[in-house]
Amino acid sequence: MSDEPLLEVQSLTVRYGERAACNDVSFSLWPGEVLAVVGESGSGKTTLLNAICGRVAASAGAVRFRAADGRVRDLRTLPEAELRRLVRAEIGFVHQNPRDGLRLGVSAGANTGEPIMAAGARYYGDIRRTAAFWLERVEIDPARMDELPAMFSGGMQQRLQIARALVTKPRLVLMDEPTGGLDVSVQAKLLDLLRRLTAELGLAAVVVTHDLGVARLLAHRILVMRNGRVIESGITDQVLDDPQHAYTQLLVSSVLVT
Amino acid sequence: MTATAERLSGGYNFAYLDEQTKRMIRRALLKAVAVPGYQVPFAGREMPLPYGWGTGGIQVTASIIGPDDRLKVIDQGSDNTTNAVSIRRFFAKTTGVAVTTRTADATVIQSRHRIPETSLRAGQIMVFQVPIPEPLRWLEPRETVTRRMHAEADYGLMYVKLYEDIARMGRITTAYDYPVMIHGRYLMRPSPIPRFDNPKLDRSPALMLFGAGREKRIYALPPHTPVKSLDFDDHPFTVERWSQRCQRCGSADSFLDEIVMDDRGTRRFVCSDTDYCDGRLAPQAP
């Protein structure tokens, strides 16, 4: 891990009218680190993720991102066109619902190839090889790359979305409930895959989840949110084994033990 | 207006549209020429014919035509199909300008679906009737989003379509309305001309104007503008080729129509550009 943080979020506030969905949130993320954001529905987790990559406009604060060229840019004040280029090249996004992150009308290969075509790839053979490579990495048989995502199961669609997010070799991946809506055995496989990919590629990731098991398996550090505020943060095991805040204690104790 | 001009235009203002409307359209045209390939919105008028029949092209022609012009109208390459005949008669009636079917003689050529085979020259103006001006429309239905994509020259999505073509069919199957990059900046839909005609757009000495009546957009290609048809490095852009020659004039290098002659499947290939075909059969006096 390098000494310089990859991402520095400082006092980020997002208001929807009078209500602050995200209130004064600060954290830093180092290269290769996985951070989990947990909390109940409506606690501002997804808003935080969207505000980091400019999908929703923040009302105050800063999102400092160290790009591949070593320069630190504030994503909140970056001009729109530049923001889009940077986000597209260096930040991957995985939606909770694969339908939001995929183009269902075009093949799996085109879905995986789109980000590199947008970045300027113009050699069909290369685009196809790269797409096949990443499909294989997420355990989708490259023989199925010309099929439509609608023909895939939910778990496969989610893996396809991950391939699409990783194909530009981003330095940061933002994931919104990546295992939501999948059955338990598929969840376990997906978590295995995510854990391996983040470790092998040295990815930094922010994973939003309401599932503490996901946080425990994937994340190095954890951020607990409630009503738009961060109420507790620290090393994952520490927070989950010895929660300090009353709400975190409630959250940890309400996990079903089987 | 003089009595003669009034008689010629059948009681209408010259070229049907009122002068204020023509000025408004000319302003849009100037902007379109200044920013090649950019779609300029304009306050399109109701025309005395339905959308899809060339209302955009007619408004552009009406705004630029003058008493000394000579007009040619083509529809699918032919001077004598319904659309061509009625638009030609419309302008003959409302302007009294000379009309012609010969490409070389025309100063303004309004067209649907073709660019003439005869090379255009400096000073001529092509006017295209455009059904859907937005090249990204089938891929992205939201106008707000496509406008932003144009602003940021963000055209990766168009390649997704070409990729799909090759992945499914082994080659790019887009046969008409083939997307082009204008001067390395704007992605443009060249109206539904066959891709055979795309190379004629590149650095053409004639001015090309595009009018979309229903969508109320005008765009333009000034003379000598570089036009590149999108492709992949390993799947370059190509035009259609036929194994046959035109069975009327014997041309081997023009766009051919395949015509079914009877109910036993007899087919005949002839030039789509009737003026070009006739010109080869009976060379006219210069």
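Scoring rules and cut-offs
- Residues numbered from 1 in each chain as written.
- Chains lettered and ligands numbered in written order.
- Predicted model: local features only at pLDDT ≥ 70, side-chain atom pairs only at ≥ 80, totals over all residues.
- Helix = DSSP H or I, 4+ residues; strand = E, 2+ residues; numbered from the N terminus.
- Rg over C-alpha atoms; globule rule 2.2 N^0.38 Å.
- Buried ≥ 20, exposed ≤ 12 C-beta atoms within 10 Å, placed from the backbone.
- Contact = placed C-beta atoms within 7 Å.
- Nonpolar A, V, L, I, M, F, W, Y, C, P; charged D, E, K, R; others polar.
- Pairing = 2+ DSSP bridges.
- Axes fitted to C-alpha atoms, helices over the stretch in contact; angles between N-to-C directions.
- pLDDT = per-residue confidence, 0-100.
- Parallel < 35°, antiparallel > 145°, perpendicular 65-115°, else oblique.
- Left-handed = near helix turned anticlockwise from the far one by under 90°.

As a further point, take the overall build of chain B. When its secondary structure is counted, chain B shows eight helices and 12 strands. Against the 2.2 N^0.38 benchmark of 19 Å for 286 residues, chain B shows a C-alpha radius of gyration of 19 Å, consistent with a compact globule. When the backbone C-alpha atoms are referred to their principal axes, chain B occupies close to 65 × 50 × 35 Å. Here chain B holds 286 residues, and the buried ones make up 43% of them. Taking all contacts inside chain B whose residues are at least 6 apart in sequence as the whole, residues at least 24 apart take part in 62%.

Turning to the overall build of chain A, a few remarks are in order. Tallying secondary structure elements over chain A gives 10 helices and 10 strands in all. Taken over the C-alpha trace, chain A has a radius of gyration of 18 Å; the compact-globule value for 258 residues is 18 Å, and the two agree within 12%. With respect to the three principal axes, the spread of C-alpha positions in chain A is 55 × 50 × 40 Å. Looking at the 258 residues of chain A, the share that counts as buried comes to 44%. Sequence-distant contacts, at least 24 apart, represent 63% of the contacts inside chain A between residues at least 6 apart.

Opposite the 14 residues of chain B that make contact, chain A presents 16 residues. Among the residues forming the side of chain B that touches chain A, the class breakdown is six nonpolar, two polar and six charged.

Right, let's talk about unusual backbone geometry for a bit. Residues and elements named next belong to chain B. Its identity is not glycine, yet Arg-203 carries a phi of approximately 55°, on the positive side. If you trace the backbone, Arg-203 turns up in the loop between helix 7 (198-201) and strand 8 (207-212). Since 12 C-beta atoms lie within 10 Å of it, Arg-203 is described here as exposed. Even without a glycine there, the phi angle at His-224 is positive, about 65°.

This paragraph deals with the sheet that holds strand 1 (residues 40-41) of chain B. Hydrogen bonds between backbone atoms are what pair the strands of a sheet, whose relative direction is either parallel or antiparallel. Residue and element names in this part refer to chain B. Strand order in the open sheet formed by seven strands is 1-9-8-5-4-2-3, with mixed pairing between adjacent strands. Of all strands in the sheet, those with a lone pairing partner are strand 1 and strand 3 (98-99), marking the two edges. In the packing of helix 2 (residues 19-34) onto the sheet, the strands contacted are strand 1, strand 8 and strand 9 (217-221), and the crossing angle to strand 9 comes to about 45°. Here helix 4 (residues 82-95) sits on the sheet in contact with strand 2 (70-75), strand 3 and strand 4 (108-112), set at roughly 160° to strand 2.

Once that is clear, we can look at the sheet that holds strand 3 (residues 34-38) of chain A. Residue and element names in this part refer to chain A. One open sheet holds the six strands; their spatial order is 6-7-8-3-9-10, and the pairing between them is mixed. Of all strands in the sheet, those with a lone pairing partner are strand 6 (91-94) and strand 10 (229-235), marking the two edges. The sheet shows a mean angle of 15° between the axes of neighbouring strands, taken without regard to direction.

Okay, the pairing of strand 5 (residues 125-129) of chain B next. Residue and element names in this part refer to chain B. Across the five residues of strand 5, five count as buried, placing the element largely inside the fold. Covered by surrounding structure in strand 5 are Ile-125, Val-127 and Gln-129 together with Met-126 and Phe-128, the residues of both alternating faces. Bridge count for strand 4 against strand 5 is four bridges, and the pairing is parallel. When the bridges of strand 5 are listed, Gln-110 appears paired with Val-127. Across five bridges, strand 5 lies against strand 8 in parallel orientation. Note that in strand 8 the partner of Ile-125 across the bridge is Leu-207.

With that settled, consider the confidence of the model for chain B. For chain B, the mean per-residue pLDDT works out to 92, and 95% of the residues sit at or above 70. Complex prediction metrics read pTM 0.85 and ipTM 0.85.

Between helix 4 (residues 108-118) of chain A and helix 6 (residues 156-169) of chain B, the least distance of the axes is 9 Å, while the angle of their chain directions is 140°. On the basis of their axis angle, the class for helix 4 of chain A and helix 6 of chain B is oblique. Considering how the two elements wind past one another, helix 4 of chain A and helix 6 of chain B form a crossing that is right-handed. Side by side, helix 4 of chain A and helix 6 of chain B meet where Gly109(A), Ala110(A), Gly113(A), Glu114(A), Met117(A) and Ala118(A) of the first sit next to Gly156(B), Tyr159(B), Val160(B), Tyr163(B), Glu164(B) and Ala167(B) of the second.

Further remarks concern the environment of Ala167(B). Considering the arrangement of structural elements, one finds Ala167(B) in helix 6. Residue Ala167(B) is classed as buried on the basis of its 20 C-beta neighbours within 10 Å. Non-local contacts of Ala167(B), meaning those with residues more than four positions away in its chain, are made with Ser107(A), Gly109(A), Ala110(A) and Asp146(A).

All names here are of chain A. Of the pairings in the sheet, the one linking strand 3 to strand 9 (residues 221-226) comprises four bridges and is parallel in character. For Ala-36, the partnering residue across the bridge sits in strand 9 and is Ile-222. Linkage of strand 9 to strand 10, two consecutive antiparallel strands, is achieved through a turn of two residues, within which Asn-227 is found at a positive phi near 50°.

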